[in-house]
Amino acid sequence: MQRWAVVIPVKPVSVGKSRLRGAVPAAAHERLALALARDTVAAVLSCPEVGEVLVVTDDPAVAEVVTGLGARVAPDTPAAGLNPAIRYGESGLPARSWRAAITADLPALRPAELSAALRAAAEPPARRRFAADAPGVGTVLLTAPPGVPLDPRFGGPSAAAHAASGAVALSGDWPSLRRDVDTGADLDAAHRLGVGTHTGALVPAPCGPASTPR
Ligand SMILES: Nc1nc2c(ncn2[C@@H]2O[C@H](COP(=O)(O)OP(=O)(O)OP(=O)(O)O)[C@@H](O)[C@H]2O)c(=O)[nH]1
Ligand SMILES: C=C(OP(=O)(O)O)C(=O)O
């Protein structure tokens, strides 16, 4: 079994998850952003294929929580943005390990689905691979074998950007992995899959019907 080193970027909760504002009362928004990251990191750390997790964040509350879960923490490079943060985090991972970057907004993530995706990512031939989000537009997981840089292209239509950079799409049926949460509708969809305990404590039930237009 490959043991993976994983980098997870987390924006400070005071400014992050801005498209999710309004899903919970304003006073609870930062707690929700923290809960999404906490449930994601906990699920990643529960995955037997994962040997270590490095969270890249400038947020002291995020750092404290994920350290308590067993992750290491590195700060963002100054005013760098998402892809530089991932590259900086990757520089702190063992170069000879299989490496992955995972977004911190997967509160429904099932460790068994991440295990399956990482096993698929390590199948020969060894190369960069990625898992697109549920709509097929963004990216939730980017992987690279030893000695090959992750070369992240997250942001906007990143599935196409990763494919254009030579990474190969992973095609498995992993709904909890692909369910990132950017909006209230995404949060409802994650809830229907079953969210982690901290997200569930703040949002006890989906807010809208399954047929709500996305
Ligand atoms: N460390 C770090 N993480 C980032 C940065 N920008 C985004 N992220 C993280 O990257 C992942 C995917 O980002 P988005 O889904 O766009 O999250 P976001 O920027 O908080 O959300 P919006 O404000 O709605 O765009 C999430 O885990 C974010 O916390 C950054 O500048 N630094
Ligand atoms: C940064 C990304 O996430 P989102 O679509 O959630 O903003 C991405 O998918 O590349």
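In case you missed it, the structure is sitting above this.
Residues numbered from 1 in each chain as written. Chains lettered and ligands numbered in written order. Predicted model: local features only at pLDDT ≥ 70, side-chain atom pairs only at ≥ 80, totals over all residues.

(A) Representation of the overall build of the protein chain within the structure. The helix and strand tally for the protein chain stands at eight helices and seven strands. Here the C-alpha atoms of the protein chain give a radius of gyration of 16 Å, agreeing with the 17 Å that 2.2 N^0.38 yields for 214 residues. Counting across all 214 residues of the protein chain, residues that qualify as buried make up 48%. Across the protein chain, every contact between residues at least 6 apart in sequence was considered, and the portion connecting residues at least 24 apart equals 68%. (Helix = DSSP H or I, 4+ residues; strand = E, 2+ residues; numbered from the N terminus. Rg over C-alpha atoms; globule rule 2.2 N^0.38 Å. Buried ≥ 20, exposed ≤ 12 C-beta atoms within 10 Å, placed from the backbone. Contact = placed C-beta atoms within 7 Å.)

(B) Examining the site of ligand 2 more closely. Taken together, Leu-82, Thr-103, Asp-133, Gly-138, Thr-139, Phe-154, Gly-155, Ser-158, Asp-180 and Asp-182 make up the full set of residues near ligand 2. Here the residues of the shell around ligand 2 are counted per class, giving two nonpolar, five polar and three charged. (Near = placed C-beta within 6 Å. Nonpolar A, V, L, I, M, F, W, Y, C, P; charged D, E, K, R; others polar.)

(C) Representation of the nonpolar core in the model. Judged by nonpolar contacts, the single largest core of 64 residues is most densely connected at Val-6, Ile-8, Val-41, Val-44 and Val-55. Here this core gets ten residues from one element, more than from any other, and that element is helix H1 (residues 29–45). Not counting chain neighbours up to four residues away, the residues in contact with Val-55 comprise Ile-8, Val-10, Val-41, Val-62, Val-66, Ala-71 and Val-73. (Core = buried A, V, L, I, M, F, W, Y, C linked by C-beta atoms within 7 Å.)

(D) Just the site of ligand 1, in detail. In the vicinity of ligand 1 there are 17 residues, among which Pro-9, Gly-16, Ser-18, Arg-19 and Ala-104 approach most closely. If you list the elements that add at least two residues to the shell around ligand 1, you get strand S1 (4–10), strand S2 (50–57) and helix H3 (82–90). Here the shell around ligand 1 is composed, by residue class, of six nonpolar, five polar and six charged.

(E) Representation of the pairing of S2 within the structure. Extensive coverage of S2 is indicated by the burial of six of its eight residues. Bridge count for S1 against S2 is seven bridges, and the pairing is parallel. Residue pairing across strands places Ala-5 opposite Glu-52, the latter belonging to S2. Following the backbone out of S1, through H1 and into the adjacent parallel S2, one traces a crossover that is right-handed. Across three bridges, the pairing between S2 and strand S3 (residues 72–74) is parallel. (Pairing = 2+ DSSP bridges. Right-handed = clockwise from strand over helix to strand, strands pointing away.)

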